[in-house]
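The residues making up each chain are set out below.
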Amino acid sequence: FGLSWCLLSHCTLSRAGFRFPGCGVPAIKPVMNSLQRIVNGENTVPGSWPWQVSLQDRNGFHFCGGSLINQNWVVMAAHCQVRAGTHFAILGEYDRSSGAEPIQVKSIAKAITHPCWNTNTLNNDITLLKLASPAQLGTRVSPVCLAIASESLASNPTCITTGWGQTSGTASGGAVLLQQVALPLALPPSCTGPWHGAASALLSCQGDLGGHLVYLKGGAWTLIRIVSGGTGNCKVQTPARYGRVSAFRTWIDSILASN
């Protein structure tokens, strides 16, 4: 994961925001054995990241990740181009080769993209998906907390990201089991250029995009970044890009309130 803590440009600034009750506390505790990369990362404990969403087409092909933020809504990257009526949000999945997992397959009623989304610069790379029917919350499916507009991170926070993306540049497809990585992040002194600059020589790859970067705050996992861009060849020398959730809280809250 090549991480940048630069704020992607946005149309709306922040307000105080609020945390949804009961968010960010998995019933099944995550276990991080070591600081790994999602390229050559480690398997998650099944059900330990219950807000992880797989976006799939009608053939069951996984193409992007997402994060459940309440019973009715998923947040993800706009560039994944999810379409209502065509794509599906899969909740509670761990092993993509299994036909026995108690997953929830949700049709998408609405896909609402940020009005300032720019396909050329990838600025404002965020879409909200309204599920056609509410998620059934339980042990393996529950929401993550959202960063508030004034979210302030301590120096060198450790963050977690998960996904079914490629585990190497030569892999023929994505991971079968949900992978995880713990990232010790350092804040860069400045941000320049379209990729801004990496804070760590770590990497997102194809299939991880749209997913989440979370950190533990007050006993609850909080979504602070959305995976916005990785590399097709999974080279750790090329930084990936992340959208800052706190910058979009005003917009997220307004969409949820009006829909």
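The rules behind each value
Residues numbered from 1 in each chain as written. Predicted model: local features only at pLDDT ≥ 70, side-chain atom pairs only at ≥ 80, totals over all residues. Heavy atoms only, no water. Buried < 20%, exposed > 50% of the residue type's maximum accessible area, 1.4 Å probe, protein only. Helix = DSSP H or I, 4+ residues; strand = E, 2+ residues; numbered from the N terminus. Contact = heavy atoms within 4.5 Å. Disulfide = S-S within 2.5 Å. Pairing = 2+ DSSP bridges. Axes fitted to C-alpha atoms, helices over the stretch in contact; angles between N-to-C directions.

Q: Give me the lowdown on helix α1 (residues 249-258), citing residues and values where you can.
A: Buried within α1 are the following residues: Arg249, Trp251, Ile252, Asp253, Ile255 and Leu256. The elements touched by buried residues of α1 are β4 (73-76), β6 (104-113), β7 (127-131) and β8 (145-146).

Q: Kindly report on the state of the cysteines, identifying the contributing residues and their values.
A: Per the stated rule, a full pass over the model turns up two disulfides. Disulfide pairing places Cys23 opposite Cys145 at an S-S distance of 2.0 Å. In this structure the cystine formed by Cys23 and Cys145 twists about its S-S bond by roughly 95 degrees; its chirality is therefore right-handed. In this pair, Cys23 sits in the segment before β1 (42-43) while Cys145 sits in strand β8, placing the two residues 122 residues apart along the sequence. Here Cys145 falls in the buried class, since its relative accessible area comes to 2%. A sulfur-sulfur separation of 2.0 Å characterises the disulfide bridge that pairs Cys64 with Cys80. As the torsion about the S-S bond is roughly -85 degrees, the Cys64-Cys80 disulfide counts as left-handed. Here Cys64, found in strand β3 (residues 62-68), pairs with Cys80, found in the loop between β4 and β5 (88-91); they are 16 residues apart in sequence, far enough to count as distant. Comparing Cys64 with Cys80, the two get one shared label, buried.

Q: Break down the sheet that holds β6 for me, with residues and values.
A: What the six strands build is a closed barrel, ordered β2-β3-β4-β7-β6-β5; its pairing is antiparallel. In this sheet, adjacent strand axes meet at a mean angle of 40 degrees when their direction is disregarded. Relative to β7, β6 is paired through five bridges, and the arrangement is antiparallel. Bridge pairing in β7 links Ile112 to Leu128.

These figures come from the coordinates and say nothing about function on their own.
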